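# Structural overview for review
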Amino acid sequence: MDTQTAARLVAEHSQAVYRLAYVRTGSREDAEDIVQETFLRLVRAEPELLDSAHQRAWLLRVAGVVLLLKAIFQQPVKWENFLPAVGAFVLAAGLGWIF
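Residues numbered from 1 in each chain as written. Predicted model: local features only at pLDDT ≥ 70, side-chain atom pairs only at ≥ 80, totals over all residues. Heavy atoms only, no water.

## Some details on the overall build of the protein
Of the regular secondary structure elements, the protein holds 4 helices and 0 strands. The proportion of buried residues among the 99 residues of the protein is 25%. Total accessible area on the protein is roughly 7300 Å²; 59% of this is exposed by carbon and sulfur atoms. (Helix = DSSP H or I, 4+ residues; strand = E, 2+ residues; numbered from the N terminus. Buried < 20%, exposed > 50% of the residue type's maximum accessible area, 1.4 Å probe, protein only. Areas by Shrake-Rupley, 256 points an atom, 1.4 Å probe, with all protein chains shown as cover.)

Below is the structure:
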């Protein structure tokens, strides 16, 4: 993808991607990171997009995936939520001696 095409797509669609990211994250900095990652994926993937509506749909879908990945990998793990399941597994497996 050439620089002019990428710049045009950023100019046309970055506000929509930013609004989606900001509504989902509530953070200006996180929303800006999501926008940057979304357009970086666009440049790397170089998808064949037919028109402006297709471009916008592709970008918003990718932004949604980036948001989902951010939520999955940056969410702190609360181990107390896993302890009942671990305890049940240990008892079912006959490993009660661990406790």
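## A look at the confidence of the model for the protein
Looking at the protein as a whole, its pLDDT mean stands at 83, while 75% of the residues score no less than 70. When pLDDT is averaged over each helix and strand of the protein, the minimum, 58, is found for helix H4 (residues 83-92) and the maximum, 95, for helix H1 (residues 3-25). (pLDDT = per-residue confidence, 0-100.)

## Considering the nonpolar core
Grouped together as the largest cluster of nonpolar side chains are 14 residues, with contacts concentrated most on Val-17, Ile-34, Phe-39, Leu-42 and Leu-59. Of all the elements in the fold, those that place two or more residues in this core are H1, helix H2 (28-45) and helix H3 (52-74). Apart from residues lying up to four places away in sequence, Val-17 is in contact with Val-35, Thr-38, Phe-39, Leu-59, Leu-60 and Ala-63. (Core = buried A, V, L, I, M, F, W, Y, C linked by side-chain atoms within 4.5 Å. Contact = heavy atoms within 4.5 Å.)

## Focus on H3
Spanning 23 residues, H3 covers 32 Å between terminal C-alpha atoms, matching the ideal 33 Å at 1.5 Å per step. On its buried face, H3 sits against H1 and H2. (Expected span 1.5 Å × (residues − 1).)

## A word on a nonpolar patch on the surface
On the surface, Val-65, Leu-68, Leu-69, Ile-72 and Phe-73 cluster together into a nonpolar patch covering about 480 Å² of accessible area. Note that Phe-73 resides in helix H3. Exposure remark for Phe-73: the relative accessible area of 66% places this residue in the exposed category. (Patch = residues over 30% accessible without salt bridge, like charges linked within 9 Å, V, L, I, M, F, W, Y side chains within 5 Å. Salt bridge = Lys/Arg side-chain N within 4 Å of Asp/Glu carboxyl O.)

## Focus on the packing of H1 against H3
Viewed as axis vectors pointing N to C, H1 and H3 meet at an angle of 35 degrees, and their least axial separation amounts to 10 Å. For the pair H1 and H3, the sense of crossing is right-handed. On the side of H1, the interface is formed by Arg-8, Leu-9, Glu-12, His-13, Ala-16, Val-17, Arg-19, Leu-20, Ala-21, Arg-24 and Thr-25, while H3 contributes Ser-52, Gln-55, Arg-56, Leu-59, Leu-60, Ala-63, Gly-64 and Leu-67. A breakdown of the residues in the contact of H1 with H3 according to their chemical character gives 9 nonpolar, 5 polar and 5 charged. (Axes fitted to C-alpha atoms, helices over the stretch in contact; angles between N-to-C directions. Left-handed = near helix turned anticlockwise from the far one by under 90°. Nonpolar A, V, L, I, M, F, W, Y, C, P; charged D, E, K, R; others polar.)

## Let's talk about unusual backbone geometry
Although it is not a glycine, Glu-46 adopts a positive phi angle of roughly 45 degrees. Here Glu-46 is to be found in the loop between H2 and H3. Taking relative accessible area as the criterion, Glu-46 reaches 49% and is therefore assigned partly exposed.

## Focus on the packing of aromatic side chains
Going through the model one piece at a time under the given rule, you end up with 1 aromatic pair. Ring centres of Tyr-18 and Tyr-22 lie 6.0 Å apart, and the angle between their planes is 15 degrees; on these two criteria the pair is classed as stacked. Taken together, the residues span about one helical turn, with Tyr-18 and Tyr-22 both in helix H1 at a distance of 4 residues. Classification of Tyr-18 as partly exposed rests on a relative accessible area of 22%. (Phe/Tyr/Trp six-rings, centres within 6.5 Å; stacked < 30°, edge-to-face > 60°.)

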